[in-house]
Amino acid sequence: MTTLGEYIKVQGGYAYKSKDFIESSDNKVLKIKNVRFGTIDYSEPAYVSNEIAEATKNWKVKEGDVLISMTGSGPNAPQSLVGRVARVWKNEPDAWINQRVGRVCLLDEAPVYLDFIFYWLSLPQSQDYLVSNSSGSANQANISGKILESLPCPKVDYQISKQIADLARKFDEKIILNSQTNQTLEEMAQAIFKSWFVDFDPVKAKMNGELPEGMDAATASLFPEKLVESELGLIPDGWELTNIGKVSECFDKKRIPLSKRQRDQKQGSIPYYGATSVMDYVDEAIFDDIYLLIGEDGSVMKDDGTPFIQYIWGPAWVNNHAHVLQGIKSVSTEQLMLFFQQTNINAYVTGAVQLKINQRNMNSIPFIKAPKEINERFYDVVAPLYVKTRAIKEENEQLAKLRDTLLPKLLSGEINLDTTEELVEVN
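Structural notes, computed from the coordinates.

Reading the values: the criteria
Residues numbered from 1 in each chain as written. Predicted model: local features only at pLDDT ≥ 70, side-chain atom pairs only at ≥ 80, totals over all residues. Heavy atoms only, no water. Pairing = 2+ DSSP bridges. Helix = DSSP H or I, 4+ residues; strand = E, 2+ residues; numbered from the N terminus. Axes fitted to C-alpha atoms, helices over the stretch in contact; angles between N-to-C directions. Parallel < 35°, antiparallel > 145°, perpendicular 65-115°, else oblique. Left-handed = near helix turned anticlockwise from the far one by under 90°. Nonpolar A, V, L, I, M, F, W, Y, C, P; charged D, E, K, R; others polar. 1 Å grid on protein atoms, 1.4 Å probe; cavity = no way out; pocket = protein on both sides within 12 Å on 5 of 7 lines; lining within 4 Å. Points joined across faces, edges and corners; volume = space filled by probe spheres on them.

**Topic: the pairing of strand β19 (residues 278-282)**
- Taken together, the 5 bridges between strand β18 (residues 267-273) and β19 define a ladder with antiparallel strand orientation. Across the sheet, residue Ile-270 finds its bridge partner in β19, namely Val-282.
- Linking two consecutive strands that pair antiparallel, namely β18 and β19, is a turn of 4 residues.

Following this line, the structure appears as structure tokens:
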């Protein structure tokens, strides 16, 4: 064994000032919130001008870079943990690193493969080491380059480190490809929902004497041929202006919060959901179906005003920070989710410091309900997309589980690399 300091140094991100940031550009700046476990979240970056980007070009990331969050929180908020490590994958957007995002750089002639360092940092024991050696408070934990460099790691030659990393990367590349497929399926469902229920394209086409684009005659016949005035503006003739409470069933009474201590006593494989993500795994489920979770307090809405949502299925435990919903009265849970993905809920959120959307306010959000035949036809169209989405996500979970089982044994030498490569295929 040695320490990472034998192999690496850490480059800190650039300390951009608030005046450096602009509303939008092609130059994304990654903050600590963008560094997730394994991957980078590009959905809500900051932006700088071309001039600032050029002046700070030494902080621009490239394919293969390993980034780490040097600031975060304690272990009770897994998505914000200090020490999250991510890799810049192929064909990702141009980006620059902000302060407290570290770039792990190999020392000159370091006899190890950089991806090996990435996977070593990803191991639970490495994550535990960084969290336990962080300074600051539970809500504002920090690590330094020296702490990172003090992390124990094995001595291994370059070729072995590359073989191990290449094998692990096969799993990750398949997971990323699957995730991209799921994103495409989601975008397809969102486009259909927007066309039918937001833009009313089939109705407008029929008003012009045309067959709605990409729609068969039987489906087109379900739509009316005119728009009428309503409190929300023009809506299709015969459609009902109602609210979320009338098209959804809320299961909040079944929720049970568990303290960290209680969860530690119930460790298992059942996901325990909080407002925005899986927080832990327990040995028992209180839900077992397809549900939509809406963040109730704390993390309630994104920068664009849309809510934090989770689409879940199978055995699960949900705490009291997320509303638990299913669609009813011909409105599917998937249609409900697509509606929330495109709805600004800012007007229904209360609280200045601790944001909250209570059940009453959520239920009062206006909803334009199409007739039963159209809702059912919509479900027939999008259901296969979500069947595939769920199957792909489950495959990803199995791939990640297999990778996480193999990797520590490979890194420790417990199992033989050549034998593993023969036995494991990632198609």
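**Quick word on the packing of helix α5 (residues 158-198) against helix α12 (residues 372-412)**
- Taken N-terminus to C-terminus, the directions of α5 and α12 make an angle of 165°; their axes are 9 Å apart at the nearest point. When the axis of α5 is compared with that of α12, the two are roughly antiparallel. α5 and α12 meet at a crossing whose hand is left-handed.
- Residues of the contact of α5 with α12, tallied by class, amount to 26 nonpolar, 7 polar and 8 charged.

**Details of empty space enclosed by the protein**
- Counting across every chain of the model gives 1 cavity of 30 Å³ or more.
- Of the voids in this model, the largest cavity is the one considered here, and its volume is about 30 Å³.
- What lines the largest cavity is Ile-164, Leu-167, Ala-168, Phe-171, Arg-403, Leu-406, Leu-407 and Leu-410.
- Elements represented by at least two residues in the lining of the largest cavity include exactly α5 and α12.
- In terms of residue class, the lining of the largest cavity is made up of 7 nonpolar, no polar and 1 charged.

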